[in-house]
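Residue-level listing of the chains:
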Amino acid sequence: MKTAVIRFPASNCDRDAAVALEKITGRPTEIVWHRETSLPDDIDFVVIPGGFSYGDYLRAGAIAARSPIVKDIVRRAGKGLTVAGFCNGFQILTEAGLLPGALIRNRNLKFVCRPERLIVQNTKSRFTSKYTAKSEVIYPVAHHDGNYFADDATLNRLEKNNQVLFRYADNPNGSIRDIAGIMNETGNVFGMMPHPERAVDPVHGGTDGLDFFKSIIESI
Amino acid sequence: MAKNKSEITPEVVAEHGLSTQEYQIILDRLGRKPNINELGIFSVMWSEHCSYKSSRRHLAKFLTKGTRVIQGPGENAGVIDIDDGDAIIFKMESHNHPSYIEPYQGAATGVGGIMRDVFTMGARPIALMNALRFGEPTHWKTKQLVNGVVAGIAGYGNCVGVPTVGGETNFHKGYNGNILVNAMCVGLARTDNVFYSAAKGVGNPIFYVGSKTGRDGIHGATMASAEFDDDSEEKRPTVQVGDPFTEKLLIEACLELMATDAIIAIQDMGAAGLTSSSIEMADKGGVGIALNLDKVPQREDNMTAYEMMLSESQERMLMVIQPGKEQLAFDVFQKWELDVAQIGKTTDTGRLVLKHHGKKVCDIPIAPLADDAPNYDRPHSKAPARDIIKSKDVFETQDYNDALVKIITSPNIASKRWIWEQYDRHVMTDTVDSSQSGGDAAIVRIHGSNKAVAITTDCTPRYVEADPYEGGKQVVAETWRNLTCVGADPIAITDCLNFGNPERPEIMGQFVGAIEGMNEACHAFDYPVVSGNVSLYNETNGQAIPPTPAVGGVGLIQKIDHMATLSGAKEGDTLILIGETSGWLGASIYLSEIQSSEDGAPPPVDLEVEKLNGNYVRSLIRNRRVHAVHDCSDGGLAITACEMAFSSNIGVHLDAAKNIPTHGWLFGEDQARYLLAVEEHSVNPIVSTAKGKGIAAQVIGKVGGERISAEGAFDVSLNGLRDKHESWLPELMNSTVKDAAE
Amino acid sequence: MKALVYVGLKPGVLDPQGRTISRSLNDLGFSEVTGAFQGKVIELTIKDSQESKEAIQARVEQMCEKLLANTVIENYRIELKD
Amino acid sequence: MKALVYVGLKPGVLDPQGRTISRSLNDLGFSEVTGAFQGKVIELTIKDSQESKEAIQARVEQMCEKLLANTVIENYRIELKD
Ligand SMILES: Nc1ncnc2c1ncn2[C@@H]1O[C@H](COP(=O)(O)OP(=O)(O)O)[C@@H](O)[C@H]1O
Ligand SMILES: [Mg+2]
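What you see is a predicted model; the values in this text were computed from it and never measured.

### Focus: the overall build of chain C
Here's step 1: Helix and strand counts for chain C come out as two helices and three strands.
Here's step 2: For chain C, the α and β elements follow one another from N to C terminus as β-α-β-α-β.
Here's step 3: Computed over its C-alpha atoms, the radius of gyration of chain C comes to 16 Å, more than 25% above the 12 Å expected for a compact globule of 82 residues.
Here's step 4: Principal-axis analysis of the C-alpha atoms gives chain C an extent of 50 × 25 × 15 Å.

Structural data, given as structure tokens:
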């Protein structure tokens, strides 16, 4: 499987994502610069990493979502390419319109960094197939604007289509209906505020993130 | 504003913080009156902040050499060798005054500044620490300062993507009008690719990179050297705004260019911006520098030469580029969307020559700025030694449960989770242990390897206040102990010496005493000082802060599977205490919290015993003989045991005191002590080996259950006590402190 | 010429900043404050040109749709000034 | 009654957000944009009372000094509306 990680100005989990992908796939990961206008053709899986692209100025993820490479990601996602965004990557995917809703300032207005308990909602997705239904996993969160919001109609649709893949056990940021991670209707684009790539090595204090990536490998 | 007055009157000279003697030296060296630009340059270079005029001769006493030291004090940061061609580059710095005036931006730019000191030398920053000192929790300004400072550190460090892995936080009325914000950065480089600031060659291009220059922080350097008074609110406009986004781009761009051979010398623009950076580079390299200020990227219209030279706009670097590599440099910096310009050349004149609008606006010899910089031997006096207080003479509480709760919820002991949960501790995914465990030292893996660095910051100002010399020894000893607790070999330290007005003999006495005590410990442990920073004039209306020589220690863990933390204690483990307990309550937390007294001599530090005990504990960790380790510091054995219980999430029981008063046994702060949680079968070998080495080691309790208890003293539930420990700071921060200024 | 772009959350979108502001104002004794909203104002400097006000207005609207506002949660209002 | 509080950086204070916004507008093809500043608008709802406009204005000024603006680096402007 060939993987790529996008690097925007002030992405800062790009290396972390690449390390996780290389550990799990056993193959080098391509780092793609934001000014590129197209992804390599043979890519199977793209990660939009965490960080503070463009300093989170204006709105988290807003400026990165308008960069050349994202146009091509939108195009390729339309053709079924598997895309995942973590933290700032999730914000970018919503800003780019690949995922519904928006991420606003945490309820208590403070940055929050801590290991977070998540409940897996749907194990029939290509991102969660290796988890057992309703199981609890721990991924670290680290964000300032992780408060997920969407209108009721959108939320009901998300839930009806089982697009909500993870919910928080102890909501750290005010996200509506405790939503931590969602996928698009066609099931190939996923975003979440927590960091699975920070839970793949015993020194991270847990390896619950491994099965997330293994699920994707299996699906491809 | 002085810059508009071309006439150099005595008032203008005074406004620039120069004494008449200092001004006379300038006249002699120039053989003429300086113009306003030249005066401004001398004034910042000779400010306390840049010239260390009160401290230089005392700092010179420090042990600065060691087998692993690649670069000691004198460069942007210290460099140590951690084998395999890896080097660790680190420094700690204060941003006290700016943080008091504008907590968010002051703290943020403090973090940005210390990171630049580290990546300037070719290192990728891998960890941040912060040592914070605030006023009384009940003081009307404290909450707002804590809020702003913590948000500022988080806002900057999190955005740049460097984990903030640890620190310390004290509250004391002595900081009501003058908080301390000390930030430490640790970076990783290759020993064969470390960069220095000495300019070389003649006619080599000088590049300016980073943000445009604005009118930010003009005279910040002189301000950081001026005592506070109530109208210092007036000094507000000098506060700079940080831009972590640009800092992140600057790190990536500099590291990218450093991978080529384009850079001859590089220096960040910190205090006194373009002035100190260009002069330091020229002075170290023994060359001259000619700059064309019209080329300096400017954010604002019609800036004067004076403003450009003294501006402290953030996120800027100065470098000497290899001739022929100019285009390469331009390409890299433009790729990262940074402002870049060639603003001058190195020369063979030994002078700093500045042109602006085609006119020569400054032409001064560089050597005198350094060589003739004032170097004072300020009078210093020693405070009389304090009486030693015997524990039998200290009031003994009749309610140990209550005393334990009082102490565990006291400002300096209570959990600082509210602070460190705002810091990204995991980015870069090499954090092995951080604030999260409440541990003694943070542990950060060297990327792609199986080794790690351990990092800690410590200072116990109440000990230094009580006895600067013993207190100075204790500060260094505690960092050494904290590194030992995780199984690291302590290697070297950086320091941030925060004191009051050095023109007062009693303050200077604290300063000299602390340095001599610290230095004795450095020698005993072969634990050199490789970088540091001095912050003087920390006073408000003549009230000095408690003497606060904060120290940041760094150690090496050869194999991350041979380390320890305080979170590994298991059901059925035995608790062993290493080190003698006399029940020392002088200058202790027990005394301040239960008796509201700060009296007494501080616990003495026997450096030979420290070494003996520490080396033994480290060997036990290396041999995997212990489940958990924590040293005894603030609050003594009882608090150490509680912190281990919280972190391991299991109860502890402590045996009764043997022939010392119970309060001294539980809360005494004798030094050189470690609490170990070990398996049953390891107990005898550990204790008997210790005896053989002449090390005090005794079984003092057990691990297990869900209660925290001490024979004949307290017995409380683990969870109940943990909740109290955790809730003190959140409750303070959510309370509404009435604005007393009304 | 200057364009002022006012960006605010749509009704129904919860506004953590606004909520905190009104609570802290009450805490500080400003009990007359019963609610607060926080929005953004972006002041753009626009090169002078022969373009009509309408044309410029249209361009700034594009800027809002493309970048300045997230129309999933935000409304915007434009004011031109010379 | 409503009070609109406009908070912006003082002239000369670095505005990283504004700079980044105008750069990206240029990248998106809006080359006519030569600069941008980002500020805040806070809309306060104030309980009706017998207070004079001047008195209310004075109260809101206090709110700005105490909380809404960071007067070290920010200016503010107040507009009252009923
Ligand atoms: N400002 C801070 N930032 C990050 N971590 C902090 C801060 N203050 C305290 N901590 C963490 O809280 C724990 C307890 O601190 P402290 O009591 O100073 O430890 P010790 O006394 O063992 O040196 C440590 O893990 C420390 O890293
Ligand atoms: Mg300790």
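Back to the text.
### Notes on the sheet that holds strand S26 (residues 697-703) of chain B
All names here are of chain B.
Here's step 1: Sheet architecture is open: seven strands sit in the order S23-S25-S22-S26-S24-S27-S28, paired in mixed fashion. Both outer strands of the open sheet, strand S23 (628-631) and strand S28 (715-717), are each paired with one neighbouring strand and no more. The sheet shows a mean angle of 20° between the axes of neighbouring strands, direction not considered.
Here's step 2: With three bridges connecting them, strand S24 (residues 652-654) and S26 associate as antiparallel partners. Of the residues in S26, the one forming a bridge with histidine 653 is lysine 702.
Here's step 3: Seen against the sheet, helix H25 (residues 718-734) touches strand S27 (707-710) and S28 and runs at an angle of roughly 75° to S28.

### A look at the pattern of salt bridges
Side chains that differ in sign of charge can pair as their charged atoms come close.
Here's step 1: This structure, assessed with the given rule, holds 73 salt bridges over all chains.
Here's step 2: The shortest N-O distance in the salt bridge between arginine 177 of chain A and glutamate 159 of chain A comes to 2.7 Å. Note that arginine 177 of chain A is positioned in the loop between strand S9 (164-168) and strand S10 (179-183) and glutamate 159 of chain A in helix H4 (residues 152-160), a separation of 18 residues in sequence.
Here's step 3: Note on arginine 177 of chain A: relative accessible area 29%, which makes it partly exposed.
Here's step 4: The class of glutamate 159 of chain A is partly exposed, set by a relative accessible area of 29%.
Here's step 5: Between aspartate 430 of chain B and arginine 445 of chain B there is a salt bridge whose closest N-O contact spans 2.8 Å.

### Some remarks on the interface of chain A and chain D
Here's step 1: With six residues of chain A at the interface, the matching set in chain D holds eight residues.
Here's step 2: Of the roughly 590 Å² buried at the junction of chain A and chain D (both faces included), carbon and sulfur atoms supply 69%.
Here's step 3: Counting the surface chain A buries against chain D, the share from its top three residues, Tyr57, Leu58 and Ile63 of chain A, is 69%.
Here's step 4: In this assembly, chain A and chain D are joined by one salt bridge.

### Section: the sheet that holds strand S7 (residues 136-143) of chain A
Residue and element names in this part refer to chain A.
Here's step 1: In spatial order, the strands read S2-S1-S3-S4-S11-S10-S9-S6-S7; together these nine strands make up an open sheet with mixed pairing. The open sheet has two edge strands with one neighbour each: strand S2 (30-33) and S7. The average angle at which neighbouring strand axes cross in this sheet is 25°, direction not considered.
Here's step 2: In terms of strand pairing, strand S3 (residues 45-48) meets strand S4 (residues 82-86) through four bridges, oriented parallel. Residue valine 47 lies in a different strand from S4, and its bridge partner there is alanine 84.
Here's step 3: Its contacts with the sheet put helix H3 (residues 88-95) on S3, S4, S10 and strand S11 (189-192), and the angle it makes with S4 is roughly 120°.

### A few points about the interface of chain C and chain D
Here's step 1: Tallying the contact residues gives 30 residues for chain C and 30 residues for chain D.
Here's step 2: The tally of links from chain C across to chain D stands at two salt bridges.
Here's step 3: A salt bridge links arginine 59 of chain D to glutamate 32 of chain C; the nearest nitrogen and oxygen atoms lie 2.7 Å apart.
Here's step 4: Where chain C touches chain D, the interface holds 16 residue pairs in polar contact (both at pLDDT 80 or more).
Here's step 5: Contributions of two or more residues to the side of chain C that touches chain D are made by helix H1 (16-27), strand S2 (33-46) and helix H2 (53-68) of chain C.
Here's step 6: Sorting elements by how many residues they give to the side of chain C that touches chain D places S2 of chain C first, with 14 residues.
Here's step 7: Partitioned by chemical class, the residues of the side of chain C that touches chain D number 15 nonpolar, nine polar and six charged.
Here's step 8: Bridge count for S2 of chain C against strand S2 (residues 33-46) of chain D is 13 bridges, and the pairing is antiparallel. Bridging across to S2 of chain D, glycine 39 of chain C finds its partner in valine 41 of chain D.

### Observations concerning the site of ligand 1
All names here are of chain B.
Here's step 1: Close to ligand 1 lie 19 residues, the nearest being Asn130, Ser435, Gly439, Asp440 and Asp458.
Here's step 2: At 2.9 Å, a backbone N or O of glycine 439 approaches an oxygen atom of ligand 1.
Here's step 3: Side-chain polar atom of aspartate 458 to an oxygen atom of ligand 1: 2.8 Å apart, as the coordinates give it.
Here's step 4: When ligand 1 sits alone it has 560 Å² of accessible area, and the protein chains cover 88% of it.
Here's step 5: Looking at the shell around ligand 1, the elements that each hand over two or more residues are strand S4 (124-134), strand S5 (164-171), helix H16 (417-420) and helix H18 (468-485).
Here's step 6: The biggest single contributor to the shell around ligand 1 is S5, with four residues.
Here's step 7: Its residues assigned to classes, the shell around ligand 1 comprises four nonpolar, ten polar and five charged.

### Points about a negative patch on the surface
Here's step 1: A surface patch of like charges, here negative, comprises Asp387, Glu465, Glu598 and Asp599 of chain B.
Here's step 2: Note that aspartate 387 of chain B resides in the loop between helix H14 (367-371) and helix H15 (400-408).

### Some thoughts on the relation of the copies chain C and chain D
Here's step 1: With an axial shift of 0.0 Å and an RMSD of 0.3 Å, the rotation relating chain C to chain D amounts to 180°. The symmetry that links the two subunits is that of a two-fold axis. For chain C, the smallest separation between a C-alpha atom and the rotation axis is recorded for lysine 40 of chain C, amounting to 2.3 Å.

Reading guide: rules and limits
Residues numbered from 1 in each chain as written. Chains lettered and ligands numbered in written order. Predicted model: local features only at pLDDT ≥ 70, side-chain atom pairs only at ≥ 80, totals over all residues. Heavy atoms only, no water. Helix = DSSP H or I, 4+ residues; strand = E, 2+ residues; numbered from the N terminus. Rg over C-alpha atoms; globule rule 2.2 N^0.38 Å. Pairing = 2+ DSSP bridges. Axes fitted to C-alpha atoms, helices over the stretch in contact; angles between N-to-C directions. Contact = heavy atoms within 4.5 Å. Salt bridge = Lys/Arg side-chain N within 4 Å of Asp/Glu carboxyl O. Buried < 20%, exposed > 50% of the residue type's maximum accessible area, 1.4 Å probe, protein only. Buried area = accessible area lost by both parts, 1.4 Å probe. Polar contact = N/O pair within 3.5 Å; in protein donor to acceptor, adjacent residues only side chain to side chain. Nonpolar A, V, L, I, M, F, W, Y, C, P; charged D, E, K, R; others polar. Near = heavy atom within 4 Å. Areas by Shrake-Rupley, 256 points an atom, 1.4 Å probe, with all protein chains shown as cover. Patch = residues over 30% accessible without salt bridge, like charges linked within 9 Å, V, L, I, M, F, W, Y side chains within 5 Å. Lys, Arg positive; Asp, Glu negative; His and termini not counted. Charge placed at Lys NZ, Arg CZ, Asp CG, Glu CD. Least-squares fit on C-alpha atoms with pLDDT ≥ 70 in both.

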